[in-house]
Amino acid sequence: MIFLFGSIVLTSYLLLSFKVCGKFNIPVFPAIVFNYITCVITGSIVNGAFPIQAESVTTPWFRWAMIMGLLFITSFNLIGITAQKLGVAVASVANKLSLIIPVILTIVLYNEQVVGWEIVGISLALIAVIFTCYPQKNESGNAQPIPMFQKILLPLLVFIGSGFLDALINHVQQTYVTKETNNAFLISGFFSAASIGTLVLIFQYWKKQLIFKFNQVIAGICIGIPNYFSIWCLVHFLQDSPWETSASLPVNNMGIVLFSTLVAAILFKEKLSLINWIGIALSAIAIYLIAFGNSL
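Residues numbered from 1 in each chain as written. Predicted model: local features only at pLDDT ≥ 70, side-chain atom pairs only at ≥ 80, totals over all residues. Heavy atoms only, no water.

Trainee: Any chance you could break down the overall build of the chain for me, citing the residues and the numbers?
Mentor: In terms of helices and strands, the chain carries 11 helices and zero strands. Reading the helices (α) and strands (β) of the chain from amino to carboxyl end gives α-α-α-α-α-α-α-α-α-α-α. Buried positions account for 52% of the 296 residues belonging to the chain. Approximately 14,000 Å² of the chain is accessible, and the part contributed by carbon and sulfur atoms is 72%. (Helix = DSSP H or I, 4+ residues; strand = E, 2+ residues; numbered from the N terminus. Buried < 20%, exposed > 50% of the residue type's maximum accessible area, 1.4 Å probe, protein only. Areas by Shrake-Rupley, 256 points an atom, 1.4 Å probe, with all protein chains shown as cover.)

Here it is, written out as structure tokens:
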């Protein structure tokens, strides 16, 4: 359970970090790029050396790691943009509702059985996420009105990107990756994200669309180290979980919703409405039903 706890705490930290970046006027994309560079360095230190060798290119998981890197930087940037434009709650609900994509795919692809109270728990989890993250008026703090297409498109893209990223990690972990190759797989994905992001960022600096400031590097480091270990914990949790993936992912995501909401309320003095508190209570019930429904 230590891997589950680590995934919940560290992922919650990442969601809250976008709010901190906004307070210090740090643009999201440079922080994300330096974050992935930090992830590669952190993973190499954990591994004892840079784990990607020439023979890694020929392994079955390497091409998936390259795709994962593209999804990493795209979905993470979309979450950041959504949080800034529409508010943290909207970004969070779109991100966490995406759990339905990997859950459905695990049932279809791996013939996992979800019955009885587990079905009730998963259904309750979706309701709980919406209630917990239900946005307050003017939460995003934007003075300018947001076009309706952005209000619909941004959360939709976060939902799709996050869902397929979780599904890809789970598929590769179940099909190709072993405990011995876990770190190489993760670092390959981070290296892909860092490479793509660096090329785009250099272009933006060159075109003066962005101005380099050292606080972007600091933000990237502060995000990158926890980001690496959040994915590391998630992969290990999926491998060692006592539950099937269709239950493990909702438990992980509900824990993130519960923890991040409470921390935001304490640290950032975000006010929770009655519907938010109902959502928190439903999250706790959903986690229990998904985890222990078979024994009821």
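From this point on, the discussion continues.
Trainee: Summarise the side chain of S162; cite the residues concerned and give the values.
Mentor: Position of S162 relative to the elements: it lies in helix α7 (residues 148-175). For S162, a relative accessible area of 5% corresponds to the buried category. Once you skip the residues sitting within four places of it in the chain, S162 turns out to touch S75, I79, N95 and S98. (Contact = heavy atoms within 4.5 Å.)

Trainee: Before we move on, can you summarise helix α9 (residues 214-240) with the specific residues and values?
Mentor: Its 27 residues place the ends of α9 40 Å apart at the C-alpha level, agreeing with the 39 Å of an ideal helix rising 1.5 Å per residue. The largest bend in α9 is about 25°, located at G224, with the proline P226 one to four residues further on. (Expected span 1.5 Å × (residues − 1). Bend = angle between axes of the 7 residues up to and from the residue.)

Trainee: Tell me about a nonpolar patch on the surface, and please be specific about residues and values.
Mentor: A surface patch of nonpolar side chains, about 400 Å² in accessible area, is lined by L153, L156, L157, I160 and F164. Within the secondary structure, I160 is located in helix α7. (Patch = residues over 30% accessible without salt bridge, like charges linked within 9 Å, V, L, I, M, F, W, Y side chains within 5 Å. Salt bridge = Lys/Arg side-chain N within 4 Å of Asp/Glu carboxyl O.)

Trainee: Before we move on, could you go through the packing of helix α2 (residues 28-47) against α9 and cite the residues and values that matter?
Mentor: At a minimum axis separation of 6 Å, α2 and α9 run at an interaxial angle of 50°. As judged from the angle between their axes, α2 and α9 are oblique. The hand of the α2/α9 crossing is right-handed. Listed contacts from α9 to P30, A31, F34, N35, Y36, T38, C39, T42, G43 and V46 of α2 are Q216, V217, A219, G220, I221, I223, G224, I225, N227, Y228 and F229. Of the residues that constitute the contact of α2 with α9, the class distribution is 13 nonpolar, eight polar and no charged. (Axes fitted to C-alpha atoms, helices over the stretch in contact; angles between N-to-C directions. Parallel < 35°, antiparallel > 145°, perpendicular 65-115°, else oblique. Left-handed = near helix turned anticlockwise from the far one by under 90°. Nonpolar A, V, L, I, M, F, W, Y, C, P; charged D, E, K, R; others polar.)

Trainee: Please give an account of the environment of G69 that cites residues and values.
Mentor: On the secondary structure map, G69 appears in helix α3 (residues 62-86). Spatially, the C-alpha atom of G69 lies 4.7 Å from that of S192, the residues being 123 residues apart in sequence. Other than its neighbours up to four places away in sequence, G69 contacts G189, S192 and A193.

Trainee: Talk me through the packing of helix α1 (residues 2-23) against α9; I want residue IDs and the actual numbers.
Mentor: At their nearest, the axes of α1 and α9 sit 8 Å apart, and the two run at 150° to each other. With respect to their mutual orientation, α1 and α9 come out roughly antiparallel. Crossing of α1 over α9 shows left-handed handedness. Across the contact of α1 with α9, the residue classes tally to 15 nonpolar, seven polar and one charged.

Trainee: Requested: an account of the nonpolar core, with residues and values cited.
Mentor: Counting residues in each nonpolar core, the largest one holds 74 residues, and the members touching the most others are Y36, W61, F72, F185 and F190. Among the elements that take part in this core, α3 stands out by supplying 10 residues, more than any other. For F190, the residues in contact, after removing those within four places along its chain, are Y36, C39, V40, F72, N227, Y228 and I231. (Core = buried A, V, L, I, M, F, W, Y, C linked by side-chain atoms within 4.5 Å.)

Trainee: Now, about the packing of aromatic side chains: what can you tell me, with residues and values included?
Mentor: Enumeration over the complete set of coordinates arrives at 14 aromatic pairs. Each ring, one from F34 and one from F212, has its centre 6.2 Å from the other, and the planes form 70°; the classification is edge-to-face. Residue F34 is found in helix α2, and its partner F212 is found in the loop between α8 (182-206) and α9; the two are separated by 178 residues along the sequence. The exposure class assigned to F212 is partly exposed, which follows from its relative accessible area of 44%. Measuring from ring centre to ring centre gives 6.1 Å for Y36 and F76, while their planes differ by 65°; the resulting arrangement is edge-to-face. Linking Y36 in helix α2 with F76 in helix α3, this pair joins segments that are 40 residues apart in sequence. In textbook terms, an aromatic cluster arises when at least three aromatic residues are bridged by ring pairs, as seen for F3, Y36, F72, F76, F190, Y228, F229 and W232. One cation-aromatic arrangement involves K207 over W206; the distance from NZ or CZ to the ring centre is 4.8 Å. (Phe/Tyr/Trp six-rings, centres within 6.5 Å; stacked < 30°, edge-to-face > 60°. Lys NZ or Arg CZ within 6 Å of the ring centre and 35° of its normal.)

Trainee: Pulling in residues and values, what's your account of empty space enclosed by the protein?
Mentor: By the definition in use, this model includes two cavities of 30 Å³ or more. Of all the secondary structure elements, the ones that give two or more residues to the lining of the largest cavity are α1, α3, α4 (88-97), α7, α9 and α10 (245-267). Here the lining of the largest cavity is built from residues that sort into 11 nonpolar, 10 polar and two charged. (1 Å grid on protein atoms, 1.4 Å probe; cavity = no way out; pocket = protein on both sides within 12 Å on 5 of 7 lines; lining within 4 Å. Points joined across faces, edges and corners; volume = space filled by probe spheres on them.)

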